[in-house]
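Remarks on the overall topology
In case you want the letters, here they are:
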Number of protein chains: 2
Amino acid sequence: MWKTATETDIAEVAAAIGDPSRAKVLRALADGGALPAGALAAEAGVSLSTISGHLARLREAKLLTVEHDGRRRYYRLASTDVARALEELARIARPLPVRSLSDSVRAHALMRARLCYDHLAGQLGVALLAALVDGGVLDGSGGGYRITPAGLGVLGDFGIDAGEFSRRRPAIRYCVDWGEGRHHLAGALGAAVTRRLFELEWLRKGRARRVVHLTDAGRTGLHRTFGVPLDWDA
Amino acid sequence: MWKTATETDIAEVAAAIGDPSRAKVLRALADGGALPAGALAAEAGVSLSTISGHLARLREAKLLTVEHDGRRRYYRLASTDVARALEELARIARPLPVRSLSDSVRAHALMRARLCYDHLAGQLGVALLAALVDGGVLDGSGGGYRITPAGLGVLGDFGIDAGEFSRRRPAIRYCVDWGEGRHHLAGALGAAVTRRLFELEWLRKGRARRVVHLTDAGRTGLHRTFGVPLDWDA
DNA sequence: GGATGACTACGGTGCTCGCCGAAGTGTCCC
DNA sequence: GGGACACTTCGGCGAGCACCGTAGTCATCC
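Criteria and thresholds
- Residues numbered from 1 in each chain as written.
- Chains lettered and ligands numbered in written order.
- Predicted model: local features only at pLDDT ≥ 70, side-chain atom pairs only at ≥ 80, totals over all residues.
- Heavy atoms only, no water.
- Helix = DSSP H or I, 4+ residues; strand = E, 2+ residues; numbered from the N terminus.
- Expected span 1.5 Å × (residues − 1).
- Buried < 20%, exposed > 50% of the residue type's maximum accessible area, 1.4 Å probe, protein only.
- Arc of directions from axis to C-beta.
- Contact = heavy atoms within 4.5 Å.
- Pairing = 2+ DSSP bridges.
- Near = heavy atom within 4 Å.
- Polar contact = N/O pair within 3.5 Å; in protein donor to acceptor, adjacent residues only side chain to side chain.
- Nonpolar A, V, L, I, M, F, W, Y, C, P; charged D, E, K, R; others polar.
- Lys, Arg positive; Asp, Glu negative; His and termini not counted.
- Salt bridge = Lys/Arg side-chain N within 4 Å of Asp/Glu carboxyl O.

So, on to unusual backbone geometry. Located in the positive-phi region is Glu201(A), a residue other than glycine, with phi close to 60 degrees. Along the chain, Glu201(A) falls in the loop between α9 (187-199) and β10 (203-205). The phi dihedral of Lys62(B) falls on the positive side, at around 65 degrees, and the residue is not glycine. Structurally, Lys62(B) is set in the loop between α4 (48-60) and β2 (64-69).

Have a look at this one:
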């Protein structure tokens, strides 16, 4: 039932994360995407042989998984838990010096709406979860979230069959977002909603990694479907 | 309003955590207590000079704070955010080999009820928060928790003036506990409740660090006051 | 004021590990 | 099958750092 909660080796994981090159790799994968070794090498600014060693170590620490696809290997975060831990670390880490104007533009965009692993985060993610609860799609009482019977219908109309979720992954999880104590939607439902938002082109990927933009169709669509305020970003 | 969310230096913090000796220090302080350098040296199994260097580094990384008290210096986790990040890392870390029987006894006790920084965690913490929501003390809808008007009264009778909470610390936070997607109560309220539980001797510190035990008085008291089931640990 | 205790600062030693280039392995394309 | 491509493994170099013992700095106690 409960995982056997012996002490765990924090030092090992932390050491695995605690190298500039490896941290860059993890951040590049924080949107839940998969990238081949070459791209990650470029991202981290090191040689292919070096990145290969780093990737082996991250894999050893169970932070990454590999998917073989022909002659290339796509690396991906091992789980949403990893993404969570990374965001939590980012909270307590000191800010990197802002190097350029585009950095601060990107920072602002990330704050508004970004991908955290495979689901929506940032202010938009928070606003969406709040709207789902206010609109009765989710029941937020009881120390967690549950899909209500009414909510099943709303989600079905939106194109999501919540009954189809795999047993392995919790249907609903939440990530703690920037700005004390606000949630955004994660878990299988968070991922499904986000995927559907892209399908409908209510959401579009920004040029910078992890950044997403709400389209005009998305703004009105989210308002009509889930009651997200039109001025959520005011 | 929102913190300026530029990229943060995950690698620096993670590297600070990612050393066996430093990780032991952090784990020893994870219950929110404060310990002098000598005790931490013993805990980590290194010399005083070595621990001094480690403590300086942890302080530099803003993970620890020091309080001077005469000729000794007490070290403490810098914030609840740090405790959170550590628990999150513990989630994804591989379990350390169980070395002895007492280890596994302790692991079991930790799972049942433990301190996470300054508030209650483990199955008991989860059960308490659930009871507070079910009993209407907290309102769990809306993507967070709020104290209800009725709840203010219940808490007052219990000996907690929730109006007195400082503005600096959020009244209510939650930590994600072991076992997918359950919360336990944190924040100023979590700390106040826990403090009061010790005052009333409903809760007693166990022999092992972080472990706490519910007394018989506590079991019935929590049931009558907040509606925690008598068989929460069944 | 001098002795004791708690810690920090310094100097030195050895090991780990991040880095690269070169060579090896597996995959795809022509 | 041969060659290009994507990556991993190997060997070697250099820097960083975890560790200790010793010496220095405060604060307390007598």
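Once that is clear, we can look at helix α4 (residues 48-60) of chain A. Residue and element names in this part refer to chain A. Between its first and last C-alpha, α4 extends 18 Å over 13 residues, near the 18 Å set by a 1.5 Å rise per residue. For α4, every residue scored as buried is listed here: Ile51, His54, Leu55 and Leu58. The buried residues of α4 all sit within an arc of 100 degrees when viewed along its axis, so they share a single face. Relative to its buried face, α4 has exposed residues pointing more than 90 degrees away, namely Ser49 and Glu60. Residues of α4 that are buried sit in contact with α1 (10-17), α2 (20-28), α3 (37-44), β2 (64-69) and β3 (72-77). Count one or two residues on from α4 and you reach lysine 62, which has phi positive near 65 degrees.

Further remarks concern the sheet that holds strand β1 (residues 35-36) of chain B. All names here are of chain B. Read across the open sheet, the three strands follow the order β1-β3-β2; overall the sheet is antiparallel. Of all the strands in the sheet, just β1 and β2 have a single pairing partner and so form its edges. Strand direction decides the pairing type here: β1 and strand β3 (residues 72-77), joined by two bridges, are antiparallel. In the sheet register, leucine 35 faces β3, and the bridge partner there is tyrosine 75.

A few words now on the protein's contact with DNA strand D. In the neighbourhood of DNA strand D, 21 residues make up the surrounding shell, with Ser52(A), Tyr75(A), Arg22(B), Thr50(B) and His54(B) lying closest. Within 4 Å of the protein, the contacting atoms of DNA strand D are 69% sugar and phosphate, with bases supplying the remainder. A distance of 2.5 Å separates a phosphate oxygen of DNA strand D from a polar atom in the side chain of Tyr75(A). Between DNA strand D and Ser21(B) there is a distance of 3.0 Å, counted from a phosphate oxygen to a side-chain nitrogen or oxygen. Broken down by secondary-structure element, the contributors of at least two residues to the surface near DNA strand D are α3, α4 and β3 of chain A together with α2 (20-28) and α4 of chain B. It is α4(B) that contributes the most residues to the surface near DNA strand D, four residues altogether. Broken down by class, the residue content of the surface near DNA strand D amounts to five nonpolar, nine polar and seven charged.

Turning to the pairing of β2(A), a few remarks are in order. Residue and element names in this part refer to chain A. In the sheet, β2 pairs with β3 via six bridges, with the strands oriented antiparallel. Within the sheet, the bridge partner assigned to threonine 65 lies in β3 and is arginine 76. The turn joining β2 and β3, which pair antiparallel and follow one another in sequence, is formed by two residues; a positive phi near 65 degrees is taken by glycine 70.

A word on the protein's contact with DNA strand C. With respect to spatial proximity, 21 residues lie near DNA strand C, and among them Thr50(A), His54(A), Gly70(A), Ser52(B) and Tyr75(B) are the closest. Per the 4 Å cut-off to the protein, sugar and phosphate atoms form 74% of the nearby atoms of DNA strand C. The contact in question runs from a phosphate oxygen of DNA strand C to an N or O atom on the side chain of Ser52(B), over 2.9 Å. Measuring from a phosphate oxygen of DNA strand C, one finds a side-chain N or O atom of Tyr75(B) at 2.4 Å. Elements that contribute at least two residues to the surface near DNA strand C include exactly α2 and α4 of chain A together with α3 (37-44), α4 and β3 of chain B. Take the surface near DNA strand C: its biggest share by element is four residues, from α4(A).

With respect to the element layout, Arg22(A) can be found in helix α2. Here Arg22(A) occupies a buried position and makes no salt bridge, while the nearest side chain of opposite charge, Asp19(A), is found at 4.5 Å.

By the definition in use, this model includes 18 salt bridges over all chains. Glu43(A) is the salt-bridge partner of Arg209(A), the closest N and O atoms lying 2.7 Å from each other. Of this pair, Arg209(A) sits in the loop between β10 and β11 (212-214) while Glu43(A) sits in helix α3, placing them 166 residues apart in sequence. When the shortest N-O distance is used, the salt bridge between Glu12(B) and Arg94(A) registers 2.9 Å. Of this pair, Glu12(B) sits in helix α1 (residues 10-17) while Arg94(A) sits in the loop between α5 (80-92) and α6 (101-112), each in a different chain. Overall, the relative accessible area of 28% leaves Glu12(B) in the partly exposed class. On the basis of relative accessibility, which here comes to 32%, the residue Arg94(A) falls in the partly exposed class. Linked by salt bridges that have partners in common, Asp81(A), Arg84(A), Glu88(B) and Arg91(B) make up one network.

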